[in-house]
Amino acid sequence: MEDAHVCGMAAYDKLVAEADADPSGYWSRLARELVSWKTPFTKGLDDSQAPFFQWFADGTLNVSYNCLDRQVERGLGDKTAIIFESDDGTVSRVSYSDMLARTCRLANVLRARGVKKGDRVVIYMSMSVEGVVAMQACARIGATHSVVFGGFSAQSLRDRIEGAGAVMVITADHQLRGGKQLPLKAIVDEAIALGGCDAVADVIVYRRTGGAVAWEPSRDRWMHEEMQAQPPTCEPEWVGAEHPLFILYTSGSTGKPKGVQHASGGYLLHAALTTKWSFDMKPDDVFWCTADIGWVTGHTYIAYGPLALGATQVVFEGVPTYPDAGRFWKMIQDHQVSVFYTAPTAIRSLIKLAEADATVHPKRYDLSSLRILGSVGEPINPAAWAWYHQHIGGGRCPIVDTFWQTESGGHLITPLPGATPLVPGSCTLPFPGITAAIVDEYGNDVPHGQGGILVIKTPWPSMIRTIWGDPERFKSSYFPAELKGCYLAGDGAIRDPLTGYFTITGRIDDVLNVSGHRMGTMEIESALVAKTDLVAEAAVVGRPDDTTGEAICAFVVLKGARPTGEEATRIANELRNWVAAQIGPIAKPKDIRFGDNLPKTRSGKILRRLLRSIANGEAITQDTSTLENPAVLEQLAQKN
Ligand code: WT7
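Residues numbered from 1 in each chain as written. Predicted model: local features only at pLDDT ≥ 70, side-chain atom pairs only at ≥ 80, totals over all residues. Heavy atoms only, no water.

*Asks:* Honestly, the pairing of strand 27 (residues 517–520) in this entry has me stumped. Any pointers?
*Replies:* Note on strand geometry: in a regular strand, side chains alternate between the two faces of the sheet. Where burial is concerned, the two faces of strand 27 agree: the one with His517 and Met519 and the one with Arg518 and Gly520 are both buried. Looking at chain direction, strand 26 (residues 511–514) and strand 27 are connected through four bridges and run antiparallel. Residue pairing in the sheet places valine 511 in a bridge with glycine 520 of strand 27. (Buried < 20%, exposed > 50% of the residue type's maximum accessible area, 1.4 Å probe, protein only. Helix = DSSP H or I, 4+ residues; strand = E, 2+ residues; numbered from the N terminus. Pairing = 2+ DSSP bridges.)

*Asks:* Help me understand the sheet that holds strand 6 (residues 120–124) in this model?
*Replies:* Note on sheets: strands pair through backbone hydrogen bonds, and any given pair is parallel or antiparallel. Taking strand neighbours across the sheet as the criterion, the eight strands line up as 12-11-8-6-7-14-15-23 in an open arrangement whose pairing is mixed. On the outer flanks of this sheet lie strand 12 (220–222) and strand 23 (466–467), each paired with one strand and no other. Bridging between strand 15 (residues 258–262) and strand 23 involves two bridges; their strand directions are antiparallel. Bridge pairing in strand 23 links valine 260 to isoleucine 467.

*Asks:* How should I be thinking about the packing of helix 3 (residues 63–76) against helix 5 (residues 129–141) in this particular structure?
*Replies:* When two helices pack together, their arrangement is given by the angle between their axes and by how far apart the axes lie. The geometry of helix 3 relative to helix 5 is characterised by a closest axis approach of 7 Å and an angle of 120° between their N-to-C directions. Judged by the angle between their axes, helix 3 and helix 5 are oblique. For the pair formed by helix 3 and helix 5, the contact residues are Val63, Ser64, Tyr65, Cys67, Leu68 and Asp69 on the first element and Gln136, Ala139 and Arg140 on the second. (Axes fitted to C-alpha atoms, helices over the stretch in contact; angles between N-to-C directions. Parallel < 35°, antiparallel > 145°, perpendicular 65-115°, else oblique. Contact = heavy atoms within 4.5 Å.)

*Asks:* Before we go on, may I ask you to explain the nonpolar core in this structure?
*Replies:* Proteins that are soluble and globular tend to have nonpolar side chains buried together. Formed by 160 residues in total, the largest nonpolar core has its most connected members in Trp27, Met99, Ile170, Tyr304 and Val556. Broken down by element, the residue count for this core peaks at nine residues, all from helix 5. Filtering out sequence-adjacent residues up to four positions away, tyrosine 304 remains in contact with Val63, Cys67, Met135, Gln136, Ala139, His145, Leu245, Tyr267, Ala271 and His299. Of all hydrophobic cores here, the second largest spans 30 residues; its members include Trp288, Ile332, Leu373 and Ile399. (Core = buried A, V, L, I, M, F, W, Y, C linked by side-chain atoms within 4.5 Å.)

*Asks:* Explain the layout of surface pockets here, please?
*Replies:* Left-over empty space is what a probe sized like a water molecule reveals as it rolls over the atoms. Put simply, the second largest pocket is a space of about 470 Å³. Asp159, Gly255, Lys256, Pro257 and Glu523 are the residues nearest the centre of the second largest pocket, which is lined by 24 residues in total. Those elements that provide at least two residues to the lining of the second largest pocket are helix 6 (154–164), strand 15 and helix 15 (521–529). Sort the elements by how many residues they give to the lining of the second largest pocket and helix 6 lands first, with seven residues. (1 Å grid on protein atoms, 1.4 Å probe; cavity = no way out; pocket = protein on both sides within 12 Å on 5 of 7 lines; lining within 4 Å. Points joined across faces, edges and corners; volume = space filled by probe spheres on them.)

*Asks:* Please clarify how the environment of glutamate 378 should be interpreted in this entry.
*Replies:* Checked against the element boundaries, glutamate 378 lands in the loop between strand 19 (372–376) and helix 13 (382–392). Under the relative-accessibility criterion, glutamate 378 is labelled buried at 8%. Put simply, glutamate 378 and glycine 549 are 171 residues apart on the chain and 7.5 Å apart in space, counted from C-alpha to C-alpha. If sequence neighbours within four positions are ignored, glutamate 378 has contacts with Ala343, Pro344, Thr345, Arg348, Asn513, Ser515, Gly516, Thr548 and Gly549.

*Asks:* Help me understand the site of the ligand, please; the structure alone is not making it clear to me.
*Replies:* By nearness alone, 17 residues border the ligand, and Asp401, Thr402, Thr406, Asp491 and Arg518 come closest of all. Protein coverage of the free-state accessible area of the ligand, which is 550 Å², stands at 95%. For the shell around the ligand, the per-class residue count stands at six nonpolar, six polar and five charged. (Near = heavy atom within 4 Å. Areas by Shrake-Rupley, 256 points an atom, 1.4 Å probe, with all protein chains shown as cover. Nonpolar A, V, L, I, M, F, W, Y, C, P; charged D, E, K, R; others polar.)

*Asks:* What's the story with the environment of lysine 43 in this structure? I'm lost.
*Replies:* With respect to the helices and strands, the residue lysine 43 is situated in the loop between helix 2 (23–34) and strand 1 (45–46). Judged by relative accessible area, lysine 43 falls into the partly exposed class, the value being 45%. For the pair lysine 43 and proline 480, spaced 437 residues apart in the sequence, the C-alpha separation amounts to 27 Å. With sequence-adjacent residues up to four places away left out, lysine 43 is seen in contact with Phe56, Ala57 and Asp58.

*Asks:* Quick question: what am I supposed to make of the packing of aromatic side chains here?
*Replies:* To describe a pair of aromatic rings, you give the distance between the ring centres and the angle between the ring planes. All chains considered together, the criterion is met by 33 aromatic pairs. Here the aromatic rings of tryptophan 288 and phenylalanine 316 are separated by 5.9 Å at their centres, their planes lie at 85°, and the arrangement is edge-to-face. Taken together, the positions of tryptophan 288 in strand 16 (residues 286–289) and phenylalanine 316 in strand 17 (residues 312–316) put the pair 28 residues apart, joining distant regions of the chain. A relative accessible area of 6% means that phenylalanine 316 is categorised as buried. Where tyrosine 301 meets tryptophan 404, the ring centres are 5.2 Å apart and the plane angle is 90°; that geometry is what we call edge-to-face. (Phe/Tyr/Trp six-rings, centres within 6.5 Å; stacked < 30°, edge-to-face > 60°.)

*Asks:* Looking at this structure, how should I read the sheet that holds strand 21 (residues 436–439)?
*Replies:* Pairing is antiparallel across the open sheet formed by four strands, whose spatial order is 21-22-24-25. Looking at which strands have only one partner, the edges of the open sheet turn out to be strand 21 and strand 25 (502–507). With direction set aside, neighbouring strand axes in the sheet form an average angle of 45°. As paired elements, strand 22 (residues 452–456) and strand 24 (residues 487–495) share four bridges and run antiparallel to each other.

The following block contains the structure:
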């Protein structure tokens, strides 16, 4: 990799030194190189209102101009922006000029329907070109999008529509996943019927399957009909760098999911820069990030980063196991994918399936186009790393284990493929300019080799700006007073004494990571106790799972007698389906255990650590003498 954008550790060290010496100057240099500004900014960092940091604040730009018009102006109009493969295997290619024209038409539709700069638009779609176009169209007119993952329930969607105060919802009639047609529009209808979404004046519907949908003529419009009526050009809305590009709801340890608010200029810079350096993106690469646009990975590494660089990328509608578990490998072969970015959960489940069925083993496919592999969302265990490296990367492709979060906007700690020597299971070293460190609970540095709290000591351009509508919660969640102005990531970590490499040890709050999806234990507990006819009390913990990383384990006390046998199984299933309806199928508890009570101290505190041991099937070694009700431990050890 002699031609890597960041080539060798000396080049990495030089960038780190540049950033250390003058952080604002370093990021400003890159912001001038990677972003096209309508009005150039005169100042990099503004920390006068810390922790509400601002970057490049007096500059103006348009994110969609940067992703689309700029590529056409550079002569890349005919270059393929997106290779779309649908669930059933149909492939279509969309050029940069075509992306621009579609984005402009939809942006004009939004404007014609009265959406203005600063208005919020909820996007509830599956993986599609139109989903990306919808995000770009919002950016084009300065509307702030809030994408809601297509697997969330009507209730969750309603909460997010209301929370954001959205004036419009963009959706599809249905989605296709694994050969099945699943509703989207019907869930939007249900969400709106639940109330609280009065600001929504229009629902724009992309016709994906043509299947039947209910129609509310005063509100619902077909996307294709509206777009046909609009011209393929649209003057971008030039916005200040701090203008909110999007809100994305994510789970915290307490309360309702929080709307993480990102800015335009700083976010776009880091999206473009990390796509360029972490994936060493070159003009001829074919990039494929398998994430959904409903998560931050799909924002930064599908909707924005690759387009800002003029790259070609694959967008996939379906699932990795349909029509069979060789789908990913076949797609890498068919599209000559050179940079592949996926989650450890997907790798672990595909390992199992490949080992069980030789016909879907990656060795049956030609994967020689690959040059770089990426991992994201959760720690990658060394066994999965080794398999990914050998069987997918043919032993020759570096694996970039990228640690970051919804709040960070882009990579925080990651190898750079042409520079950083790799160690399986470690996300290695901070991205140049990111001041990651490990501290104790008072914000003091801990020595390498000693675990602690992962923080980022100084602001970076793509950091969260606030929690939508709740600046106090932003401050207390991410800048707690004891940490002396450091950003609290919410993860534990440890550094190698010799290399200084970081290993993430997992969340230090009540947030679970199930298949790379963030779930708050409180959210699931609230959903369970909302089943008021059945449930008296519930506590949720995580336990390690071979495939999904963590699994959700719920301990439930019913209002009636503790069920056993078939009745317990029946009620457990009823509760699983209830949670799926409240939040979404991703929140379904894997284990549900019933007890006459929960293990509590005499003062009534639930002993979660004890519950974690029980969930794990461990022998109880903790002192249980202070327990009010030690007998329940045995009951709660029974699975249903
Ligand atoms: C949490 C953030 C990163 C975008 C997708 C998830 C965990 C993420 C890694 C990694 C170990 C990781 C952390 C983090 N996480 N990447 N490479 N190694 N842990 O974004 O939903 O905001 O979740 O995912 O616990 O805090 P998210």
